[in-house]
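The lines below spell out each chain.
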Amino acid sequence: MENGRVEHSGVCSSETANGGEDVYSCKPSDASSADHLVIMVHGILGSSSDWKFGAEQFVRSLPDKVFVHCSERNMAKLTLDGVDVMGERLSEEVLEVIKRKPNLLKISFVAHSVGGVVARYAIGRLYRPPLSENEGELSTNGGEEEAKATIAGLEPINFITVATPHLGSRGNKQVPFLFGVTALEKAAGRVVHWIFGRTGRHLFLTDDDEGKPPLLRRMVEDYGDCPFMSALRSFKRRVAYSNVGYDHIVGWRTSSIRRNNELPKWEDSLNEKYPHVVYEEHCKASDVQQIDSVAANNKDLDEIEEELVRGLSTLSWEKIDVSFHSSRLRFAAHSVIQVKEQYMHAEGADVVQHIIDHFLL
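Keep in mind the model is a prediction, meaning the values are calculated, not measured.

Quick word on the pairing of strand β4 (residues 36-41)
Working step 1: Taken across its six residues, β4 has six buried, putting it largely inside the fold.
Working step 2: Side-chain alternation along β4 places H36, V38 and M40 on one buried face and L37, I39 and V41 on a second face that is also buried.
Working step 3: Pairing of β4 with strand β5 (residues 66-70), which is carried by five bridges, proceeds in the parallel orientation. When the bridges of β5 are listed, M40 appears paired with C70.
Working step 4: Crossover handedness for the path β4 to helix α2 (residues 52-61) to β5: right-handed.
Working step 5: Of the strand pairs in this sheet, β4 and strand β6 (residues 106-112) are connected by six bridges, and their pairing is parallel. When the bridges of β6 are listed, I39 appears paired with F109.

Observations concerning the packing of helix α3 (residues 83-100) against helix α4 (residues 114-126)
The relative placement of two packed helices comes down to the angle between their axes together with the axis-to-axis distance.
Working step 1: Axis separation between α3 and α4 bottoms out at 8 Å; the angle between their running directions is 60°. When you trace α3 past α4, the crossing you get is right-handed. Along the contact surface, α3 presents V83, D84, M86, G87, E88, L90, S91, V94 and L95, while α4 presents V114, V117, V118, A119, Y121, A122, R125 and L126.
Working step 2: Here the contact of α3 with α4 is composed, by residue class, of 12 nonpolar, two polar and three charged.

What to know about empty space enclosed by the protein
Working step 1: For the structure shown, the criterion picks out two cavities of 30 Å³ or more.
Working step 2: Counted as a void, the largest cavity has a volume near 40 Å³.
Working step 3: Ranked by residue count, the leading element in the lining of the largest cavity is α4, at three residues.
Working step 4: Estimates place the volume of the second largest cavity at around 30 Å³.
Working step 5: What lines the second largest cavity is simply R120, M219, F228, M229 and L232.
Working step 6: Residues of the lining of the second largest cavity, tallied by class, amount to four nonpolar, no polar and one charged.

Focus on the environment of I160
Working step 1: Tracing the chain through its elements places I160 in strand β11 (residues 155-162).
Working step 2: Ignoring anything within four residues of it in the chain, the contact list for I160 reads F109, V110, A111, R237, V239, Y241, I355 and F359.

Scoring rules and cut-offs
Residues numbered from 1 in each chain as written. Predicted model: local features only at pLDDT ≥ 70, side-chain atom pairs only at ≥ 80, totals over all residues. Heavy atoms only, no water. Buried < 20%, exposed > 50% of the residue type's maximum accessible area, 1.4 Å probe, protein only. Helix = DSSP H or I, 4+ residues; strand = E, 2+ residues; numbered from the N terminus. Pairing = 2+ DSSP bridges. Right-handed = clockwise from strand over helix to strand, strands pointing away. Axes fitted to C-alpha atoms, helices over the stretch in contact; angles between N-to-C directions. Left-handed = near helix turned anticlockwise from the far one by under 90°. Contact = heavy atoms within 4.5 Å. Nonpolar A, V, L, I, M, F, W, Y, C, P; charged D, E, K, R; others polar. 1 Å grid on protein atoms, 1.4 Å probe; cavity = no way out; pocket = protein on both sides within 12 Å on 5 of 7 lines; lining within 4 Å. Points joined across faces, edges and corners; volume = space filled by probe spheres on them.

Read these as layout, nothing more, since geometry by itself doesn't imply function.
Now the structure itself:
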C-alpha cells in the first residue's frame with residue numbers, strides 16, 4: 001500500500017507504508033518496462049531521504065531501465081541495533097519490494113557508509129545458490145537454460161558502496177576525527193557502544209557473540225547459514241567509492257579496502273565531467289599466494305583487519321577515489337560524496353553521475 005505520489009521533472013516518487021520511497025519514471029511505458037531494482041541504503045542515524053538526489057538522478061538518466069527503492073527499515077536510532085539486525089530488516093524489506101513489483105529481473109545495491117556493510121549482510125540472507133538440473137529449477141536466459149545464483153530470485157548486477165567502513169573503524173586513522181592518536185582510538189573502542197550501540201561494537205570489532213569471531217570477520221567468508229562471500233561474488237561488479245581525505249567518519253583505507261602501503265598517490269582530476277574523482281583502479285581478485293606475499297611486506301594492520309583485507313581481496317573490485325580537498329564543504333566530505341542534502345552538498349553531484357554513467361544494466 002502506498003501513500004500519495006509526487007512528480008518532479010518527469011520523476012515520480014511514492015512513499016511506502018513504512019516511510020521508504022520508491023522512485024521511478026512518471027511515463028507509464030518507462031515505469032512498466034523498468035526491470036532493474038536499485039536498492040539505496042543510507043548510513044548511521046540516516047533516513048530514506050539521504051539518497052533522494054541520487055535516486056532521482058538515476059531515474060532521470062535511466063527512466064525505462066531502473067526502479068529505485070530508498071530503504072527505510074533502519075532509519076534514525078534503529079541504525080544502532082547492530083549490523084546483523086539491520087541486515088535482517090533490509091533483507092525482509094527487499095523481499096517486500098520485489099513482491100510489489102513482480103516484473104523485476106535484476107538487482108543492484110548502492111549503499112552509503114555503514115549501509116554498505118548492512119547491505120553485505122542482507123545479500124548473505126537473500127542469496128540463492130545455482131540450482132542443478134536435477135532439482136528442476138533453472139533460470140532462462142535468451143532461450144538457453146542456465147543455473148545461476150540469484151539475490152532474492154533476481155540477477156545480481158552492481159554492488160556499490162560509498163564511504164563504507166569495510167575493515168571496521170578501530171584501526172589507526174579509520175575514524176579520522178580521532179586524529180590518529182592511539183590512546184583516543186583505543187578509548188573509543190571501549191566506549192563506542194555507549195553512543196552507537198551494537199553497531200558500534202560491530203564496527204570496532206569488539207563484539208563477542210557466544211564466543212564467535214567479530215561479525216565483520218565472519219562476513220568475509222560463507223559463515224554458517226549466511227553465504228556472505230558467495231553472495232558478494234555473485235554480483236557482476238563490486239565498486240568502492242572512497243574519500244581520500246576530510247572524511248571524518250570513515251577513513252580512506254577502510255572504505256577502499258586497502259593496506260596503508262597500497263593507498264595510491266593521486267593528483268587533481270583533469271576530467272571536467274568528474275572533477276572530484278581523482279583516481280580509479282580495477283583490482284583483480286587475488287589468490288592466496290598473492291595475498292600472503294603482500295601481507296608479508298605489510299605489518300601495519302592487526303590480525304583481524306588483515307583477515308578482512310585478505311577475505312575481501314579474493315574478489316575483484318573497482319576502486320574509485322574521490323577528493324573534495326578544494327571544496328568549501330570539504331570537512332563534510334562524508335555527506336558531500338553522497339549528496340545527502342541537495343542544496344548543501346551539491347558539489348558531490350559528479351560522483352553520483354559517475355556511479356550512474358558506469359552502472360551496468
